[in-house]
Amino acid sequence: MLIWSAVRMDLRDIGEFGLIDRIRKWMAASDSALIQGIGDDVAVIEIGGKALLVTTDILIEDIHFERSWMDPYRLGKKALTVNLSDIAAMGGTPKYFLISMGLPKNLPLSFISSLYRGLKEGARRFRVDLIGGDTSLSQKIVINICLLGEGKKQDLVFRKGAKAGNDLFVSGTLGDAALGLKILQEEGGMQGPRGLIEKHLSPCPRIQLGQTIAQRHWATAMIDVSDGLLIDTSHLIEESGVGVRIWEDRIPLSRLYRKWIHSYSKDPYQIALCGGEDYELLFTAPPEMRRKILSISLPLKTPITHIGKILPKKAGVHIVRHHGKEYSPSRLGFEHFK
Ligand code: ADP
Ligand code: MG
């Protein structure tokens, strides 16, 4: 009976994260140099006393972007940013990358040259070098980057490590990128508030903030917000074996988000809680670090907000609504295949 239901199951039944859990069990790794395998923002390998960081992310046409509203220059920059953000979430330094592309044969050469101009701009700004890749024919545009970085083993911040009583912080503002995407999809082009649309098309990785937090040993756990606040918080607490309480009215919202959200959603917090692609950093730290953490906000020109508290044991995600009522959300955010 059990075997038959497993045979009939497809990816919709288990979702992206159910699939990754299974892959993690099938492929359990045991090499002694491996500090972190599947289950964090980057893989960490110890080599000659240093930590080598490795991460990979894919962007697929009509899944992650549409050619009608994503220009090739921004696409190139974003393909690098989504990987840089994972190195930021570890507190590491990005160094080298490889890019593999699937491309349709009628794609203009000017599209590729603009894409590489965007990549070059990102590479220059974050001091990384392209060292290789692969190129193939494909029906749609597929871009996969593998980014290598380095760090000191004792400085790195993992998803695991959050302790009961820790504060939960987030950088920047949340929901802008997801609201920008909703506007792009509903208005069908470049209409609407530029600031929100730009946050979706041209996010910025928080490399300097990640490094500062890691080098000063303030945080106990960290992740970047790529899939959405709730789902990424749930990854952090699951890896740490704890729970979390988040106060909805503390979630940092931008002026533009506050201005436009009412035209696109009945619930002003829904998109900030569940929308993805802000590429902000979410991290936990003991309460005695709070003052120091908040004090770097000004010099780094990056808002940092205390939005929640870590709960003991595997208590799950609890949200205190703006009117004071607490609930545990059943749907946390976007997940491929679901
Ligand atoms: P992120 O959102 O930070 O990119 P993901 O949620 O994509 O992280 O991945 C979570 C973990 O699962 C990471 O350690 C990643 O390397 C790993 N992972 C994702 N997809 C696969 C796969 N197909 N095979 C092996 N590991 C995977
Ligand atoms: Mg990540």
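Residues numbered from 1 in each chain as written. Chains lettered and ligands numbered in written order. Predicted model: local features only at pLDDT ≥ 70, side-chain atom pairs only at ≥ 80, totals over all residues. Heavy atoms only, no water.

Asks: What am I meant to see in the pairing of strand β9 (residues 243-247) here?
Replies: A regular strand carries its side chains on alternate faces of the sheet. By the bridge criterion, four bridges tie β9 to strand β11 (residues 304-311) in an arrangement that is antiparallel. Paired with Arg 245 across the strands is Lys 309, a residue of β11. Taken together, the four bridges between β9 and strand β12 (residues 317-320) define a ladder with parallel strand orientation. From the neighbouring strand, Trp 247 faces β12, where its bridge partner is Val 320. (Pairing = 2+ DSSP bridges. Helix = DSSP H or I, 4+ residues; strand = E, 2+ residues; numbered from the N terminus.)

Asks: Is there a simple way to explain the site of ligand 1 in this structure?
Replies: Neighbouring ligand 1 are the residues Phe 17, Ile 20, Ile 23, Ile 38, Gly 39, Asp 40, Asp 41, Asp 57, Asp 86, Arg 159, Ser 226 and Asp 227. Interatomic distance of 2.8 Å between a backbone N/O atom of Gly 39 and an oxygen atom of ligand 1. Side-chain polar atom of Asp 86 to an oxygen atom of ligand 1: 2.9 Å apart, as the coordinates give it. Across the complex, the protein chains shield 65% of the 560 Å² of accessible surface that ligand 1 would expose by itself. Broken down by element, the residue count for the shell around ligand 1 peaks at three residues, all from helix α2 (residues 11-26). Tallied by class, residues from the shell around ligand 1 come to four nonpolar, two polar and six charged. (Near = heavy atom within 4 Å. Polar contact = N/O pair within 3.5 Å; in protein donor to acceptor, adjacent residues only side chain to side chain. Areas by Shrake-Rupley, 256 points an atom, 1.4 Å probe, with all protein chains shown as cover. Nonpolar A, V, L, I, M, F, W, Y, C, P; charged D, E, K, R; others polar.)

Asks: Can you walk me through the coordination of the magnesium ion (ligand 2) in this structure?
Replies: Six octahedral donors around a metal ideally sit at 90 or 180 degrees from one another, while four tetrahedral donors ideally sit at 109.5 degrees. The coordination sphere of the magnesium ion (ligand 2) contains the protein donors Asp 41 (OD), Asp 86 (OD) and Asp 224 (OD), at a distance range of 2.0 to 2.3 Å. Taken in sequence order, the residues that donate to the magnesium ion (ligand 2) follow the motif D-x44-D-x137-D. Here Asp 41, found in the loop between β1 (34-36) and β2 (43-47), pairs with Asp 224, found in strand β8 (residues 221-225); they are 183 residues apart in sequence, far enough to count as distant. Given a relative accessible area of 5%, Asp 41 falls into the buried group. (Donors = N, O, S within 2.8 Å, 3.2 Å for Na, K, Ca; no water. Buried < 20%, exposed > 50% of the residue type's maximum accessible area, 1.4 Å probe, protein only.)

Asks: Can you help me understand helix α9 (residues 255-264) in this one?
Replies: Helical geometry note: an α-helix holds 3.6 residues per turn, so side chains three or four residues apart project in the same direction. When we look at burial in α9, the residues that qualify are Tyr 257, Ile 261 and Tyr 264. On an axial view of α9, the arc spanned by its buried residues comes to 70°, and they lie on one face. Every exposed residue of α9 that faces more than 90 degrees away from the buried side is listed here: Arg 255, Arg 258, Lys 259, His 262 and Ser 263. For α9, the secondary structure elements touched by its buried residues are α5 (176-187), α6 (194-201) and α10 (270-274). (Arc of directions from axis to C-beta. Contact = heavy atoms within 4.5 Å.)

Asks: How should the sheet that holds strand β13 (residues 326-327) be read in this particular structure?
Replies: Sheets are built from strands that pair by backbone hydrogen bonding, the pairs being arranged parallel or antiparallel. With mixed pairing, the seven strands of this open sheet are ordered in space as β8-β10-β7-β11-β9-β12-β13. A single partner strand is all that each edge strand has here, and the edge strands are β8 and β13. Relative to strand β10 (residues 280-285), helix α7 (residues 207-215) is tilted by about 15°, and along the sheet it contacts β7 (167-171), β8, β10 and β11. (Axes fitted to C-alpha atoms, helices over the stretch in contact; angles between N-to-C directions.)

Asks: Looking at this structure, I do not really get the sheet that holds strand β4 (residues 93-103). What am I missing?
Replies: The strand order β1-β2-β3-β6-β4-β5 describes an open sheet built from six strands, whose pairing is mixed. This sheet does not close on itself; its edge strands, each paired only once, are β1 and β5 (129-137). Within the sheet, the average angular offset between the axes of one strand and its neighbour, ignoring direction, is 20°. In the sheet, β4 pairs with β5 via eight bridges, with the strands oriented parallel. Bridging from a neighbouring strand, Gly 102 pairs with Ser 136 of β5. Packing of helix α4 (residues 109-125) onto the sheet brings it into contact with β4, β5 and β6 (142-151), and relative to β4 it is tilted by some 170°.

Asks: So what exactly am I meant to see when it comes to the side chain of Thr 55 here?
Replies: Within the secondary structure, Thr 55 sits in strand β3 (residues 50-60). Here Asp 86 takes part through its side chain, which lies 3.5 Å from a polar atom of the side chain of Thr 55. In contact with Thr 55, not counting residues within four places along its chain, are Asp 41, Val 42, Asn 83, Asp 86, Ile 87, Ile 145, Cys 146 and Leu 147.

Asks: Hey, could you run me through the side chain of Gln 36 in this one?
Replies: Relative to the helices and strands, Gln 36 resides in strand β1. Of note is the side chain of Gln 36, whose polar atom sits 2.9 Å from the side chain of Lys 160. If sequence neighbours within four positions are ignored, Gln 36 has contacts with Val 42, Ala 43, Val 44, Phe 158 and Lys 160.

Asks: What am I meant to see in the pattern of salt bridges here?
Replies: A side chain of one charge can pair with a side chain of the opposite charge if their charged atoms are brought near each other. This model, assessed by the stated rule, comprises 22 salt bridges. Across the salt bridge formed by Arg 290 and Asp 167, the nearest N and O atoms sit 2.7 Å from each other. Of this pair, Arg 290 sits in helix α11 (residues 290-295) while Asp 167 sits in strand β7; the two residues are 123 residues apart in sequence, bridging distant segments of the chain. Across the pair Asp 278 and Lys 199 runs a salt bridge, and its minimum N-O distance is 3.9 Å. Highlighted residues: Asp 278 in the loop between α10 and β10 and Lys 199 in helix α6, separated in sequence by 79 residues. Both residues of the pair, Asp 278 and Lys 199, belong to the buried class. Here the salt bridges share partners, and the residues they tie into one network are Asp 71, Arg 74, Arg 194 and Glu 198. (Salt bridge = Lys/Arg side-chain N within 4 Å of Asp/Glu carboxyl O.)

Asks: Hey, could you run me through the pairing of β11 in this one?
Replies: Burial within β11 is extensive, with six of its eight residues counted as buried. Bridge analysis of β7 against β11 gives five bridges, and the strand direction is antiparallel. Counterpart to Phe 169 in the pairing with β11 is His 306.

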